[in-house]
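Residue-level structure breakdown
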Amino acid sequence: MKLIFFLFFSPFVFSCNSTQKAIGPKKTNVDYANTITAQDLKKHLYIYAGDEMEGRMTGTKGQHSAAEYIRDFYKSEGIASPPGTNDHFQNIPASFFQGRRDSQPSENVVAFIKGSEKPDEIVIISAHLDHIGTDKEGNVFNGADDDGSGTVSILEIAQAFQQAVKDGHPPKRSILFLHVTGEEIGLYGSRYYTENPLFPLANTVCDLNIDMIGRIDPDKKDNPNYLYLIGSNKLSQELQDVSTAMNNKYTKLDLDYKYDDPSDPNRFYYRSDHYNFAKNNVPIIFYFNGVHEDYHKMTDTPDKIEYDLMAKRAQLIFYTAWEIANREKKITADKL
Ligand SMILES: [Zn+2]
């Protein structure tokens, strides 16, 4: 009896299932954000901030290996190299680093997802790929937080957007994933990009710059569910409002704006790559965990990273980029 029953109904069951499969449950930004996991971030960071990368000093073999790791990831994900670049590299001649002792050529690494409705409007997500190298004995500065954390977060964010593309939900605006070189020696890669932009800066909606999001500031030990946001309303109140709304709705981090105080002596607003965009009137947000005891020390290693927290912070950046890329109205620099 059972078998006959099954046979009788099976064509109906089959057709139902296949219809469901063809349409599929509609995935949302939450589904894509959830592909950004602590486990994946950790897997990338143990390689990216491993000793083989020799501290990623600009122009060295280790830095080029780091750039290749990023490029290979984008190729494996099928994320395009933007027009005007050579196989995901924006090459920078040694002459651009003049004034540096022993200056060598280097490269920014770029990847591009074209917008479906407003492809000329570009949302940039950036992080620096370089660090400070080795000491004279060859001991490695791994730079797991600085800025391995920002680098691998972008890889995971890009993968989430690319999954959406594969599912037929491309962003309306274009997204440029920008890994800049030469940050530690003076914000060279981001300056090179803004002086030689792949897309006009006038059409660049914003730069979401990530530099150190994997650790906890000693001052925040009692409330580790936080992130410092710097410069988020300096050029565009709308940008900060979007960021706040996404955090309230999804990630619920304690967003701390204390470094926006113009009298703060750290002057962090001027100290990472977003500044080269801000000075060209492109609205920015700088995402930052603050300094800690291992900052620019050999002890900034992957085992000290808070991976669950880092995943949540990366998800906030993903949600913010998703909203900026997909909302009807382009955010404007309303404070110029
Ligand atoms: Zn850094």
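Residues numbered from 1 in each chain as written. Predicted model: local features only at pLDDT ≥ 70, side-chain atom pairs only at ≥ 80, totals over all residues.

Time to look at the nonpolar core. Core analysis: the largest hydrophobic core is formed by 83 residues, its most contacted members being Ile125, Ile157, Ile317, Phe318 and Ala321. Sort the elements by how many residues they give to this core and helix α9 (residues 307–326) lands first, with 12 residues. Beyond its immediate sequence surroundings of up to four residues, Ile125 is in contact with Ile154, Ile157, Ile175, Phe177, Leu178, Leu208, Ile317 and Ala321. (Core = buried A, V, L, I, M, F, W, Y, C linked by C-beta atoms within 7 Å. Buried ≥ 20, exposed ≤ 12 C-beta atoms within 10 Å, placed from the backbone. Helix = DSSP H or I, 4+ residues; strand = E, 2+ residues; numbered from the N terminus. Contact = placed C-beta atoms within 7 Å.)

The end-to-end C-alpha distance of α9 is 28 Å, a good match for the 28 Å that 20 residues give at a rise of 1.5 Å each. The element α9 is largely enclosed, with a buried count of 16 among its 20 residues. (Expected span 1.5 Å × (residues − 1).)

Taken residue by residue, the chain gives an average pLDDT of 93. The fraction at 70 or more is 93%. In the model, residues 1–21 has pLDDT below 50 throughout and makes zero contacts with residues more than four positions away in sequence or in other chains. (pLDDT = per-residue confidence, 0-100.)

Counting buried positions over the seven residues of strand β5 (residues 204–210) gives seven, a clear majority of the element. When strand β3 (residues 118–128) meets β5, the two strands line up parallel, connected through five bridges. Bridged to Ile125 within β5 is Leu208. Here β5 pairs with strand β8 (residues 284–288) via four bridges, running parallel. Across the sheet, residue Leu208 finds its bridge partner in β8, namely Ile285. (Pairing = 2+ DSSP bridges.)

So, on to unusual backbone geometry. Excluding glycine, a negative phi dihedral is what most residues carry, and trans is how most peptide bonds are arranged. Residue Asp146 is joined to Asp147 through a cis peptide bond whose omega torsion reads -10 degrees. Relative to the elements of secondary structure, Asp147 occurs in helix α5 (residues 144–166). The phi angle at Asp87 is positive, at roughly 50 degrees, despite the residue not being glycine. Take Asp87: it is sitting in the loop between α4 (61–77) and β1 (89–92). Although it is not a glycine, Lys252 sits at a positive phi angle of roughly 55 degrees. Mapped onto the elements, Lys252 comes out in the loop between α7 (237–251) and β7 (254–256).

Glancing now at α5. The end-to-end C-alpha distance of α5 is 31 Å, a good match for the 33 Å that 23 residues give at a rise of 1.5 Å each. Burial within α5 is extensive, with 19 of its 23 residues counted as buried. Once α5 ends, the next one or two residues include Gly168, with phi positive near 85 degrees.

As a packed pair, α4 and α5 sit with axes 11 Å apart at the nearest point and diverge in direction by 10 degrees. The orientation of α4 relative to α5 falls into the category roughly parallel. Each of Ile70, Phe73 and Glu77 in α4 lies in contact with α5, whose residues at this interface are Thr151, Leu155, Ala158, Gln159 and Gln162. The residue makeup of the contact of α4 with α5, split by class, is four nonpolar, three polar and one charged. (Axes fitted to C-alpha atoms, helices over the stretch in contact; angles between N-to-C directions. Parallel < 35°, antiparallel > 145°, perpendicular 65-115°, else oblique. Nonpolar A, V, L, I, M, F, W, Y, C, P; charged D, E, K, R; others polar.)

Turning to the sheet that holds strand β4 (residues 173–180), a few remarks are in order. Pairing in this open sheet of eight strands is mixed, and the strands run β1-β2-β4-β3-β5-β8-β6-β7 from one edge to the other. The strands lining the two open edges of the sheet, one partner per strand, are β1 and β7. When the angles between neighbouring strand axes are averaged without regard to direction, this sheet yields 25 degrees. Its contacts with the sheet place α4 against β1, β2 (106–113) and β4, and it is angled at close to 10 degrees to β2.

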